Amino acid sequence: MPEDCTPAIANYLVNLTVSTNSIIATILDLARKGYFEIQQTGEFDKKEDTENIKFILKNKDFTYLLEHEKYFIHWLIDIMGDGDSVTTDDIEYFSDKNSMKFIEHHNKWIKKVKENANEEGYFDDSG
């Protein structure tokens, strides 16, 4: 296993699927790599017992990212966010109001995860 396997690819390798947990894991992994800064907004939804979190794009040099990571950032920041950042409320709003578009982008991201897993040589097709 390579040293820097993305959470989405790891999830796919272990489960042969990409779960919704991979979204959160990918955000955290991209923050670890310096692409996102995670900020608390101070906004708290008492009804849902959740806090609105903001993800700010800090690094726009995607040279060393895999295609599924690049697409994920585009989906999060450009499509659901404002081009510079996105909040958990933005993501929730987009998925509620544009559910078909959300599913379409999610499926496209999963396809790219699978393509990257194959390109990286994780599967042996010789058998």
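For the structure itself, look to the data block above.
What counts, and where the lines are drawn
Residues numbered from 1 in each chain as written. Predicted model: local features only at pLDDT ≥ 70, side-chain atom pairs only at ≥ 80, totals over all residues. Heavy atoms only, no water. Core = buried A, V, L, I, M, F, W, Y, C linked by side-chain atoms within 4.5 Å. Buried < 20%, exposed > 50% of the residue type's maximum accessible area, 1.4 Å probe, protein only. Helix = DSSP H or I, 4+ residues; strand = E, 2+ residues; numbered from the N terminus. Contact = heavy atoms within 4.5 Å. Patch = residues over 30% accessible without salt bridge, like charges linked within 9 Å, V, L, I, M, F, W, Y side chains within 5 Å. Areas by Shrake-Rupley, 256 points an atom, 1.4 Å probe, with all protein chains shown as cover. Salt bridge = Lys/Arg side-chain N within 4 Å of Asp/Glu carboxyl O. Axes fitted to C-alpha atoms, helices over the stretch in contact; angles between N-to-C directions. Parallel < 35°, antiparallel > 145°, perpendicular 65-115°, else oblique. Pairing = 2+ DSSP bridges.

> Please give an account of the nonpolar core that cites residues and values.
If you look at the biggest cluster of nonpolar residues, it comprises 29 residues, and the most contacted ones within it are F36, F72, I73, W75, L76, M80 and W109. Elements supplying a minimum of two residues to this core: α1 (7-15), α2 (21-32), β2 (50-57), α3 (67-80), α4 (88-97) and α5 (99-119). Residue contributions to this core peak at seven residues, all from α3. Setting aside chain neighbours within four positions, we find F72 in contact with I23, T26, I27, L30 and W109.

> Talk me through a nonpolar patch on the surface; I want residue IDs and the actual numbers.
A contiguous nonpolar patch, built from I24, L28 and I38 and spanning about 280 Å² of accessible area, is present on the exposed surface. As for its placement among the helices and strands, I24 is situated in helix α2. The class of I24 is exposed, set by a relative accessible area of 53%.

> Tell me what's going on with the packing of α1 against α5, and back it up with residues and numbers.
Angle between the axes and distance between the axes: these two values describe a pair of packed helices. One way to put it is that α1 packs onto α5 with a least axis distance of 9 Å and a crossing angle of 75°. As judged from the angle between their axes, α1 and α5 are roughly perpendicular. Across the interface between the two elements, A8, I9 and Y12 of α1 pack against W109, V113, K114, N116 and A117 of α5.

> Provide a residue-level description of the sheet that holds strand β3 (residues 85-87), including the pertinent values.
Strand pairs in the sheet, formed through backbone hydrogen bonds, run parallel or antiparallel to each other. Here three strands make up an open sheet; going across it, the order is β1-β2-β3 and the pairing antiparallel. A strand with exactly one partner marks an edge of an open sheet, and here the two such strands are β1 (36-45) and β3. The sheet shows a mean angle of 20° between the axes of neighbouring strands, taken without regard to direction. The sheet contact formed by β1 and β2 spans seven bridges and is antiparallel. By the bridge assignment for β2, Q40 is matched with I53. On top of the sheet, α3 reaches β1, β2 and β3; it is set at about 85° to β3, its chief contact. Its contacts with the sheet put α4 on β1, β2 and β3, and the angle it makes with β3 is roughly 75°.

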